[in-house]
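Working through the structure, step by step
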Number of protein chains: 2
Amino acid sequence: MERGNVFARIPADLADERFDEIVTAGAVKVERIVSEGHSSPAGFWYDQERSEWVLVLRGSAGLRFDDAAEVVVLKPGDWLNIPAHRKHRVEWTDPAEKTIWLAVHYDNAPHSLYVPAA
Amino acid sequence: MERGNVFARIPADLADERFDEIVTAGAVKVERIVSEGHSSPAGFWYDQERSEWVLVLRGSAGLRFDDAAEVVVLKPGDWLNIPAHRKHRVEWTDPAEKTIWLAVHYDNAPHSLYVPAA
């Protein structure tokens with residue numbers, strides 16, 4: 001059976017943000033993200049097909065949304081549910097310690113079978 | 001936008017284990033579970049339609065599987081991916097402090113549209 005620890009195997013070298021897939025199934029992906037002072041490139045916005053539920057486990061981060069003035073600050077235990085196509089960017093992550101996130105990407109639509117009209 | 005903290009609003013009275021839905025979408029449910037010395041009733045086994053990815057955030061717990069001799073011990077940061085219909089039970093949770101779990105229930109099947117044969 002698959003098992004692990006979200007705080008284990010954190011690479012020392014984090015030149016780039018690190019993304020590790022934990023679960024990948026039909027309509028869901030669970031991943032761990034490790035940041036260390038990283039932020040989204042200037043002018044870059046995430047515009048995702050899927051919704052994303054994100055939780056900060058360690059460290060801290062600031063997220064900006066294109067339709068809001070305020071940066072949303074996330075500290076350990078804080079979560080945010082980001083609807084699909086809501087444009088956002090990582091404004092900052094803690095420069096002094098590694099920030100560990102858990103992200104659950106999921107389809108919003110109910111996955112009922114398509115039954116054509118008679 | 002929905003936001004919250006997984007360590008907030010923990011009820012003082014935990015006569016029963018506590019389940020709080022955080023996200024409910026078509027093929028996924030994210031929930032927080034709070035236990036305090038609880039375990040599954042004698043002889044009870046979970047036998048779930050969906051797979052479950054479970055993470056212990058605080059506290060500790062022991063899970064038993066009907067096809068394995070050993071109890072799997074989970075401490076903070078430990079996760080386990082439990083396939084659908086793999087029978088399991090909570091053998092114990094920490095009696096001295098509250099155990100906070102995050103569970104992601106998900107469908108395994110890819111959710112492609114059903115297209116009937118011509």
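Residues numbered from 1 in each chain as written. Chains lettered and ligands numbered in written order. Predicted model: local features only at pLDDT ≥ 70, side-chain atom pairs only at ≥ 80, totals over all residues. Heavy atoms only, no water.

**A closer look at the confidence of the model for chain A**
Inclusion rule: On a scale of 0 to 100, pLDDT captures the predictor's confidence in every residue.
On average, residues of chain A score 92 in pLDDT, and 92% of them reach the 70 mark or higher. Reported confidence for the predicted complex is 0.90 by ipTM and 0.91 by pTM.

**Structural notes on unusual backbone geometry**
Negative phi values dominate among residues other than glycine, just as trans dominates among peptide bonds. Test applied: Going along the chain from the N terminus, every DSSP run of H or I of four or more residues is numbered as a helix, and every run of E of two or more is numbered as a strand.
Even without being a glycine, A:His85 presents a positive backbone phi close to 65 degrees. For A:His85, the position within the fold is in the loop between strand 7 (78-82) and strand 8 (88-93). Although it is not a glycine, B:Arg9 sits at a positive phi angle of roughly 55 degrees. Tracing the chain through its elements places B:Arg9 in the loop between strand 1 (3-5) and strand 2 (18-24).

**Brief notes about the nonpolar core**
One recurring pattern in soluble globular proteins: nonpolar side chains tend to sit buried together. The condition that has to hold: The definition of a nonpolar core used throughout is a set of buried Ala, Val, Leu, Ile, Met, Phe, Trp, Tyr and Cys residues joined through side-chain atoms within 4.5 Å. Throughout this description, buried means an accessible area under 20% of the type-specific maximum (1.4 Å probe, protein chains only), exposed means over 50%, and partly exposed covers the range between.
Formed by 28 residues in total, the largest nonpolar core has its most connected members in A:Trp53, A:Leu102, A:Val104, B:Trp53 and B:Leu102. Of all elements in the fold, only strand 2 (18-24), strand 3 (28-35), strand 4 (51-58) and strand 9 (99-106) of chain A together with strand 2, strand 3 (28-35), strand 4 (51-58) and strand 9 (99-106) of chain B reach the threshold of two or more residues within this core.

**Digging into the relation of the copies chain A and chain B**
Keep this limit in mind: The atoms used to superpose the copies are C-alpha atoms, taken from residues with pLDDT of at least 70 in both, and the fit is least squares. A contact between two residues is defined here by any heavy atoms of the two lying within 4.5 Å.
Between chain A and chain B, which share one sequence, the superposing operator has a rotation angle of 180 degrees and an axial displacement of 0.0 Å; the RMSD is 0.0 Å. Taken together, the rotation angle and the small translation identify this as a two-fold axis. When the interface residues of chain A are mapped onto chain B, 100% of them again fall at the interface, so both copies present the same face.

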